[in-house]
Amino acid sequence: MASNFITPIQRWNGFNQVSNVTGNRNTMGEQGATAFQSIFENAIQDVKDTSKEYEYQEYLLATGQTDDVHNVPIAAAKAQLSVDLLVQLRNKALESYNELIRMSI
């Protein structure tokens, strides 16, 4: 179960911090592709995790097992924000792809 505190925002220093990027790749393009994939995998996993947490909080409220009813709207907001982030990531990726396709070589 997740604890009830706010995780502080940490500075992001680029793709070197992405967990799935390994040092055994030969070319920078492969590392970039792995980093790009990792960002989407992390966003998708975050959507799944926050949705499960929201469902669990709803279950606790519906069965009367919680005294903290404010956790339900907090979990709902987290779930909605994670979905919004994933949608925006997808939109920006598609915009970037379309720009690359329109570029003349």
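Preceding this paragraph is the structure being described.
For every chain, the first residue of the written sequence is number 1, and numbering continues from 1 along that sequence. Where local features are concerned, this predicted model is filtered to residues with pLDDT of at least 70; where side-chain atom pairs are given and counted, the filter is 80 or more; whole-chain, interface and lining totals use all residues. With hydrogens and water excluded, all non-hydrogen atoms of the structure serve as input to the side-chain values.

Trainee: Residues and numbers for the overall build of the protein chain, please.
Mentor: Within the protein chain one finds 2 helices and 0 strands. A simple rule labels every residue: compare its accessible area, found with a 1.4 Å probe on the protein chains alone, to the largest value its type can have, and call it buried under 20%, exposed over 50%, or partly exposed in between. Burial status across the protein chain gives 16% buried among its 105 residues. Sequence separation of at least 24 residues holds for 43% of the intrachain contacts in the protein chain that already meet a minimum separation of 6. Under the convention used here, a 1.4 Å probe and the Shrake-Rupley method define accessible areas, while residue burial counts only the protein chains that appear. When the accessible surface of the protein chain is summed, it comes to about 8600 Å², and 57% of that surface belongs to carbon and sulfur atoms. A run of H or I in DSSP becomes a helix once it reaches four residues, and a run of E becomes a strand once it reaches two; helices and strands are each numbered from the N terminus. Note on definitions: a residue-residue contact is assigned when non-hydrogen atoms from the two residues lie within 4.5 Å.

Trainee: Outline the pattern of salt bridges, listing residues and values.
Mentor: What makes a salt bridge here is a side-chain nitrogen of Lys or Arg within 4 Å of a carboxyl oxygen of Asp or Glu, nothing more. Evaluated as defined, the whole model comprises 2 salt bridges. Linking E99 and R102 is a salt bridge whose minimum nitrogen-to-oxygen distance equals 3.6 Å. Placement of the pair is E99 and R102 together in helix α2 (residues 71–102), with a separation of 3 residues, close to one helical turn. Among the residues examined, R102 registers a relative accessible area of 59% and is labelled exposed.

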